[in-house]
Amino acid sequence: MNAKCYAVSDFEHQHQGALSFEQYQAMYKESVENPDAFWAEHGKRIDWIKPFTKVKNTSFNKDDLHIKWFEDGTLNVSANCIDRHLAEHADQTAIIWEGDSPDQQQHVSYQQLHDEVCKLANGLKKLGVQKGDRVIIYMPMVPQAAYAMLACARIGAVHSVVFAGFSPHAIADRIIDCQASVVITADVNRRGGKALPLKHNVDEALARDDVTTIKHCVVFNNDDKQLDLPSSQVWWHELTKDCAPVCAPEEMNAEDPLFILYTSGSTGKPKGLVHTSGGYLVWASMTHQKIFNYSPGEIYWCAADVGWITGHTYIVYGPLANRATTVMFEGVPTYPDERRIGQIIDKHQVSILYTAPTAIRALMAKGELAAQDSTRDSLRVLGTVGEPINPEAWQWYYEKVGKTKCQIIDTWWQTETGGAMITPLAGTTPLKPGSATLPFFSVQPALVDSDGKELAGEAEGNLVLKGSWPGQARSIYGNHQRFIETYFSAYENVYFTGDGCKRDADGFYWITGRVDDVLNVSGHRLGTAEIESSLVAHEMIAEAAVVGYPHDIKGQGIYVYVTPIAGTEVSEELTKSVRDWVRKDLSPIATPDMIQWAPGLPKTRSGKIMRRILRKVAANEYDQLGDTSTLADPSVVDNLIENRLNR
Ligand code: PRX
């Protein structure tokens, strides 16, 4: 933790209008000591139809949990992201779309964005979609994904975007959980030079007997050709053909839901986190502007997917609320080859790049190629998110991508938090490679030990947050009790993040990773329980346990221990069939990296699987197993070690 510290003045790019560090400290103090006054002021950064008179009404006491911000204000999120910019900036580019193929691109102005969003909003109304209805969006990275989100927001429908890499099974589960009435999808998804069929996953989900709520399926034609659609489905262009490019924005209460986004937890099925309208938008827009010191009109590229919270907050809602020009990239960083990211930066003169450590490590592994054929001189700020960034990747990002001119903004946050929480502010905060640095306004991190005792000063413990912030999720859709139990019951009167964290002598925070059974694979969050339940659904598997292990590129890899049904002969084909099964059942991102067949799993005498041992064997640290005296059958461990795969 005695890492090098970079002062703001060490970076060539200075930041006009950035707060001084002393100003940040004073504002932070005010935001914690007097949140009502602080957010009464900053809540005005968005347009309200009826201004709020109440600011904060929150309690993290599990017996009286409530989280309300700006509760008597009304607004429309899409009007904030579009209409308010039209009077003076209708022709400014809102979205630069860069296709999978380097010769495809499109500039969408704020006026065009308005017209497309309104047409689809009217189309959805024609289909009977009303305020409060749930709409599933399963789309590739095309501007229509953003139009769909904003069209829902315009009419007060609640969207739930499902990442296009997820399986029919995952789509079906989400439709059932939120009782969606409409799905918006596309025929194909282009990635890495291939046009992959997309809609057929929706078809498979809709064919299931237990999927009963969907009344309409809208299909965007993203291919050169046009399939035949069944009569139950409608092409986007047909639906919107006669729709007016004007649609009055619905007046929404600040606490009306804007979207539901599913994310994995340590147990059970993914949770549908509910984000509401007013507080979320204030948080999205304020964090986006302050963290990157963003000025309207600058070209900004968040290379995430709209299927994740990063895409929601930092491709769509935050940037558009701030009148940004936001880049949407359809493809992958390595197609046609590793030079692509640099080429996109030069082509569109990107000032701010925001990506994930796994992408940085993947480029780093390719050597010098990534930095060839581009100057990247337009870059001012480099952001990272999704997992801890190891100091080597930080240095590479800083030296090779940013040519030592740009600050590295390492933002820690979660689907649940709505926006960035522990993060440097560009031009303001000194940096230490590998540290997410200091809290954003009103964020009050604390470290606790396993008994909930708060640790002072330099310490390591479980990261909790005291007090609320406007962007936080309000509930788990359809299961508020689970929300209370997951986040507010482990420790009293605080929000539990599920992450471990260190604080150094300067008060800087260093996230160490999840302390629960959640994996972070290439920045994607996966529950071990979800993967295990998929594995045991395979006909040859009796029992399964999944753990993470350190992986050079992905951060964590997926290590699977499986016990076959008695009498099953284990073979390479069987291993492959298990791998393919999970891939198809959940998603390619959940594909196991290592599959070890084990005649038995290490259990306590009461039958609980000892994951600690499984993690150590998977990490090839089998000489550090710790206390094994509670094992029911110690010989099981010898077998695991003997057949370990990560040597
Ligand atoms: O473990 C932390 C890790 O990602 C988790 C949240 O995942 P998700 O909800 O999918 O959101 C990812 C994008 C915001 C966290 O609990 N994480 C996220 N950002 C960082 C991080 N770990 C370390 N450093 C980060 N900057």
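Residues numbered from 1 in each chain as written. Predicted model: local features only at pLDDT ≥ 70, side-chain atom pairs only at ≥ 80, totals over all residues. Heavy atoms only, no water.

- An unreviewed UniProt entry lists the protein under the name Acetyl-coenzyme A synthetase, with Psychrosphaera ytuae given as the organism.
- Entered under Cofactor (unreviewed entry) in the UniProt record, the comment concerning the protein runs "Mg(2+)".
- Check the Sequence similarities (unreviewed entry) section of the UniProt entry for the protein; it says "Belongs to the ATP-dependent AMP-binding enzyme family." (UniProt positions renumbered as here; feature names shortened; annotations may be inferred.)

Section: the sheet that holds strand β26 (residues 509–514)
- Read across the sheet, five strands follow the order β22-β21-β23-β25-β26 without closing on themselves; strand pairing throughout is antiparallel. Each edge of the open sheet carries a strand with a single partner, namely β22 (454–455) and β26.
- Where strand β21 (residues 444–448) meets strand β23 (residues 459–466), five bridges bridge the pair, whose relative direction is antiparallel. Paired with Leu-447 across the strands is Leu-463, a residue of β23. (Pairing = 2+ DSSP bridges. Helix = DSSP H or I, 4+ residues; strand = E, 2+ residues; numbered from the N terminus.)

Describing the pattern of salt bridges
- Summed over all chains, the structure comprises 36 salt bridges.
- The partner of Glu-41 in a salt bridge is Lys-44, and the shortest N-O contact between them spans 3.4 Å.
- Given the relative accessible area of 58%, Lys-44 is considered exposed.
- With its nearest N and O atoms 3.7 Å apart, the salt bridge here joins Asp-47 to Arg-84. Of the two residues, Asp-47 sits in the loop between α2 (35–42) and β1 (56–59) while Arg-84 sits in helix α3 (residues 77–89), which places them 37 residues apart along the sequence.
- What makes Arg-84 partly exposed here is its relative accessible area of 27%.
- Where salt bridges share partners, they join Asp-173, Arg-208, Asp-210 and Lys-269 into one cluster. (Salt bridge = Lys/Arg side-chain N within 4 Å of Asp/Glu carboxyl O. Buried < 20%, exposed > 50% of the residue type's maximum accessible area, 1.4 Å probe, protein only.)

Re the sheet that holds strand β5 (residues 105–109)
- Here we have seven strands laid out as an open sheet, ordered β5-β4-β17-β16-β18-β19-β20, and mixed in their pairing. Only two strands of the sheet have a single neighbouring strand rather than two, namely β5 and β20 (407–411). Taken over all neighbouring pairs, the strand axes of this sheet differ in orientation by 20° on average, direction set aside.
- Inspection of the sheet shows strand β4 (residues 93–98) paired to β5 by five bridges, in the antiparallel sense. Within the sheet, the bridge partner assigned to Glu-98 lies in β5 and is Gln-105.
- Helix α13 (residues 391–401) rests against β18 (352–355), β19 (381–385) and β20 of the sheet, and its axis sits at about 155° to β19. (Axes fitted to C-alpha atoms, helices over the stretch in contact; angles between N-to-C directions. Contact = heavy atoms within 4.5 Å.)

Some points on the UniProt feature "binding site: ATP" (unreviewed entry) in the protein
- When the UniProt feature table is mapped to this numbering, "binding site: ATP" (unreviewed entry) covers Gly-386, Glu-387, Pro-388, Asp-410, Thr-411, Trp-412, Trp-413, Gln-414, Thr-415, Asp-499, Arg-514 and Arg-525.
- Note on placement: Gly-386 falls in the loop between β19 and α13.
- Owing to a relative accessible area of 36%, Gly-386 belongs among the partly exposed residues under this scheme.
- When neighbours within four sequence positions are excluded, Gly-386 is seen to be in contact with Asn-520 and Gly-523.
- The residue Gln-414 is located in the loop between β20 and β21 in this model.
- Those residues in contact with Gln-414 that lie beyond four places of it in its chain are Ile-309, Tyr-495, Thr-497, Asp-499, Arg-514 and Arg-525.

A word on the environment of Thr-240
- Inspection of the secondary structure assignment puts Thr-240 in helix α8 (residues 236–240).
- The buried category is assigned to Thr-240, whose relative accessible area is 7%.
- As a C-alpha pair, Thr-240 and Asn-322 span 82 residues in sequence and 28 Å in three-dimensional space.
- Contact partners of Thr-240, with chain neighbours within four places excluded, come to Lys-119 and Leu-120.

Section: the confidence of the model for the protein
- Confidence along the protein averages 96 in pLDDT terms, with 100% of residues attaining 70 or more.
- With a pTM of 0.96, the predicted complex shows an ipTM of 1.00. (pLDDT = per-residue confidence, 0-100.)

Considerations on the packing of aromatic side chains
- Under the definition given, this model contains 41 aromatic pairs.
- Geometrically, the ring pair formed by Tyr-6 and Tyr-398 is edge-to-face, given 5.2 Å between the ring centres and 65° between the ring planes. Within this pair, whereas Tyr-6 is found in the segment before α1 (21–33), its partner Tyr-398 is found in helix α13, the two being separated by 392 residues in sequence. The two residues Tyr-6 and Tyr-398 agree in class, both being buried.
- Here the aromatic rings of Trp-39 and Trp-69 are separated by 6.4 Å at their centres, their planes lie at 80°, and the arrangement is edge-to-face. (Phe/Tyr/Trp six-rings, centres within 6.5 Å; stacked < 30°, edge-to-face > 60°.)

As for helix α10 (residues 309–321)
- With 13 of 13 residues buried, α10 lies mostly within the body of the structure.
- Following α10 by one or two positions, Arg-323 adopts a phi angle in the positive range, close to 55°.

Some remarks on the UniProt feature "binding site: Mg(2+)" (unreviewed entry) in the protein
- The UniProt record annotates "binding site: Mg(2+)" (unreviewed entry) at Val-536, His-538 and Ile-541.
- Residue placement: Val-536 occurs in helix α15 (residues 528–536).
- Setting aside anything within four residues of it in sequence, one finds Val-536 in contact with Ile-541, Ala-542, Glu-543 and Ala-544.
- Its location among the elements puts Ile-541 in strand β29 (residues 541–551).
- Every residue in contact with Ile-541, bar those within four places of it in the chain, is listed here: Leu-535, Val-536, Val-562, Thr-563, Pro-564, Ile-565, Val-578 and Trp-597.

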